[in-house]
Amino acid sequence: MALNATVGQKCPAPMKSTSNGIFQGDSPLDFALPLASLQICLVILLTRVLAFLFRPLKQPRVIAEITGGILLGPSALGRSKRFLQTIFPPKSQTVLDTLANLGLVFFMFLVGLELDTKSLRRTGKKALGIAIAGISLPFALGIGSSFLLRETISKDVNNTSFLVFMGVALSITAFPVLARILAELKLLTTDVGRMAMSAAAVNDVTAWILLALAIALSGSDHSSLVPFWVFLCGCVFVICCILIVPPIFKWMACRCREGEPVEETYICATLAAVLAAGFVTDVIGIHAMFGAFVIGVLIPKDGPFAGGLVEKVEDLVSGIFLPLYFVSSGLKTNIATIEGLQSWSLLGLVIFTACFGKIVGTLVVSLSCKVPFQKALALGILMNTKGLVELIVLNIGKDRKVLNDQVFAIMILMAVFTTFMTTPLVMAVYKPARRARIPDYKQRTVARKNSKAQFRILACFHSVRNIPSMINLLEASRGIQKPEGLCVYAMHLKELSERSSAILMVHKARKNGLPFWSKGRPSNSNHIVVAFEAFQQLSRVSVRPMIAISSMSDIHEDICTTAERKRAAIIIMPFHKHQKLDGSLETTRSDFRWVNRRVLERAPCSVGILIDRGLGGSTQVSSSNVSYFITVLFFGGCDDRESLAYGARMAEHPGISLTVIRFLVGSDTVGNIVSVEMGNNCSTHLMSADEEVLSEFRLKINQDSSLNYEEKVVRNTAETVAVIREVSRCNLLLVGRMPDGEIALALNRRSDCPELGPVGSLLTSLEFSTASVLVVQQYNCRLSFNLASEMQEYLPDIDSGSD
């Protein structure tokens, strides 16, 4: 009877690739290419929507992708037979699985590129002990729970393979997912983050070795020697790759120059090598992804070669092909198979076992290494993070028939639950105390009583384009050779995304605040590094580069925290627009505008926003060749006094001439300049503070010929703009962000960039296209800047295309 049933069953006919179109009677969904296109579009749409919904919960995108796969499978939408037969028919499964596994092969190549073997060798004893404990105890508990599963819902499976697969599934820590969770929680550069990253990297490598062993054991139906030969051939393959691959790719990397695109020949050769290695490991009987992973690990990480490979591969793989792998997993997951008290109890047992093994194992070893309990508990929770690696293990187990439908569904839910709970539990358990206000942090402004105190600047930049003008501004800020001098913290702002290149950035910024380059090593691989090294050597200035890697929504927290920790007097941010050839300003990324606004609101010191029009040209100007004319536009108020203090410091440089233009309201004002009603005390205080600063500056003019002071009487806004246009033919203009007085109030109506204030916004127009502009906001702990309300005030006059 069984034989007859088998003979009578019809296999689905193979699908042709393309159709002739609906007008010739063909249904596109009966052909491979249009059906695959529809499936990919549906998967991308659903996973992106879910990722957007999970974003407020600070969940990594892998949660949305796994959930999307489950929703498309028989657990939710797939319960409709019509939907499943139309969108994901059985005859399309081969094409879908092939695309998914092709994406998986190249993703594992990217994972190998992410893994820094040098950092593994530098792993300390503490992190190594945590990693071993985070693997051994969950592995043992996974083996223990497998006995119970075999006695209940997973009978008639290969005993040894099932034990190893369960152990590996429970002991894995998803390194890429963990890195992004740490970055989201601002723990990447803390002690907890560094230990978790190091331990997870060791855990990752160990998990792949154990998985290779599990796959070898799962193919032992023909002979008991098969696993031995598979494992032996796998070891030989790895040894051959170690001997052959690195020299070839080092030769390629040496021929790639920084700032130039990687040659197409090298890209094609690398991708072909990945596919060839995948073919070899598939022939051996492990899995094609292992060959790709080995090639990725052995490619040198230094220089532009690895970065060029990632840029070419990651968007297509991570954005299109990899989500198909989650759908392929989701189509195999049927939560309805988990029914009855016994099945749900087993699910609870597996989740408890996974959490208990990771958290308790890590906690015990961490406490023995004298890690505080709070940090140790947070480490344990972080090490319990699962992700794509877990899904790969489970899918291989399902394909090798080691895991049945019910166990597979239980393990998928365990992976989703443990990863989902990581972020909220860490936030609840480990709340690093906010840094207490530094008692000796007094120099929060450029203006200061002690002129000999060290002047500290936190200079931020987004790209190489910001570097020349930023360095030239820092050179101008050096002033004379004072005992303490100038200290510059140069912060490279990088966005943390879901791309694999974000993990490569993480490797370079494990310890925030350390230099880009290693001491004693030539740093010719990065022209950002070269620029700051040259500046440090040519100028007697202490330069300490650092990297901030965060999402654009909260990178301002890194900036403000670093400014306070380094006791900066001023933060200098680049404007979100850059100059085009015709002199107009073009938006780089509107996200940077919001970063600037948040920094202005929350900065622990003064802030300057640099509108770059090529200060000093497109190259770094040496100290002896500096020749700048700088103008300070003074209307009144604390911000203007801060810009004057900055200008006076720059004027100490022998190559800089400074002119201060003070604007006064004429007695016969006409037009839109109106008197402002202020209390007597407030008005007297502002006038006395302005007069005091200006009188001190006028005293310096007699001793320094490079200083100049002028007063301009204006009667209306048109005259004010005319004066500004006349004096703007210089190298750099210094203005206060929110000047006081009737003139500034009249200019407010022309403002379309609230973060720059009325004068700074005016200077962004094309008619003032010669000079760079530094807009300065003075720190004042008694004031609370609310840019949102300021924006509402300016909204009627804002051009919709200002961004």
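Here we summarise the structure given alongside this text. (Residues numbered from 1 in each chain as written. Predicted model: local features only at pLDDT ≥ 70, side-chain atom pairs only at ≥ 80, totals over all residues. Heavy atoms only, no water.)

## Observations concerning the overall build of the chain
So, point 1. Helix and strand counts for the chain come out as 29 helices and twelve strands.
So, point 2. Of all 803 residues assigned to the chain, the portion counted as buried reaches 55%.
So, point 3. Within the structure as shown, the chain displays about 35600 Å² of accessible surface, and the carbon and sulfur contribution to it stands at 58%. (Helix = DSSP H or I, 4+ residues; strand = E, 2+ residues; numbered from the N terminus. Buried < 20%, exposed > 50% of the residue type's maximum accessible area, 1.4 Å probe, protein only. Areas by Shrake-Rupley, 256 points an atom, 1.4 Å probe, with all protein chains shown as cover.)

## Observations concerning the pairing of strand β4 (residues 570-574)
So, point 1. Most of β4 sits inside the fold, with five of its five residues counted as buried.
So, point 2. Examined bridge by bridge, strand β1 (residues 455-461) and β4 share three bridges and lie parallel to one another. Residue pairing for β4: Ala-459 is matched across the bridge by Ile-572.
So, point 3. Sheet topology places β4 next to strand β7 (residues 606-611); five bridges connect them, and they run parallel. Each bridged residue has a counterpart across the sheet, and for Ile-572 the counterpart in β7 is Gly-608. (Pairing = 2+ DSSP bridges.)

## What to know about the packing of aromatic side chains
So, point 1. The final tally for this structure, using the stated rule, is eight aromatic pairs.
So, point 2. Looking at Arg-597, its charged tip hangs above the ring of Trp-594, at a distance of 4.6 Å from the centre.
So, point 3. In this arrangement the basic side chain of Arg-698 is found over the ring face of Tyr-709, its NZ or CZ atom lying 5.2 Å from the centre. (Phe/Tyr/Trp six-rings, centres within 6.5 Å; stacked < 30°, edge-to-face > 60°. Lys NZ or Arg CZ within 6 Å of the ring centre and 35° of its normal.)

## Remarks on the packing of helix α17 (residues 388-399) against helix α18 (residues 405-429)
So, point 1. The geometry of α17 relative to α18 is characterised by a closest axis approach of 10 Å and an angle of 180 degrees between their N-to-C directions. By the angle between their axes, α17 is roughly antiparallel relative to α18. Note on element contacts: α18 touches α17 through Asp-405, Phe-408, Met-411, Ile-412, Met-414 and Ala-415, opposite Glu-390, Leu-391, Leu-394, Asn-395 and Lys-398. (Axes fitted to C-alpha atoms, helices over the stretch in contact; angles between N-to-C directions. Parallel < 35°, antiparallel > 145°, perpendicular 65-115°, else oblique. Contact = heavy atoms within 4.5 Å.)

## Quick word on the side chain of Thr-47
So, point 1. With respect to the helices and strands, the residue Thr-47 is situated in helix α2 (residues 32-54).
So, point 2. Assessed through its relative accessible area of 7%, Thr-47 is described here as buried.
So, point 3. Beyond its immediate chain neighbours, meaning those up to four positions away, Thr-47 contacts Ala-64 and Glu-65.

## Brief notes about the sheet that holds β4
Note: strands within a sheet are paired through backbone hydrogen bonds, in either parallel or antiparallel orientation.
So, point 1. Read from one edge to the other, the open sheet built from ten strands follows the order β3-β2-β1-β4-β7-β12-β11-β8-β9-β10, with strand pairing classed as mixed. Edge positions in the open sheet fall to β3 (542-550) and β10 (707-714), since each of these has one partner strand only. Across the sheet, the mean angle from the axis of one strand to that of its neighbour is 20 degrees, orientation sign disregarded.
So, point 2. With respect to the sheet, helix α23 (residues 590-602) is in contact with β4, β7 and β12 (772-777), its orientation differing from that of β4 by roughly 165 degrees.

## Description of the environment of Met-15
So, point 1. Of note, Met-15 is situated in the loop between α1 (2-8) and α2.
So, point 2. Measuring from C-alpha to C-alpha, the distance between Met-15 and Lys-91 comes to 7.0 Å, with 76 residues separating the pair along the chain.
So, point 3. Setting aside chain neighbours within four positions, we find Met-15 in contact with Leu-29, Asp-30, Phe-31, Ala-32, Leu-35, Lys-91 and Ser-92.

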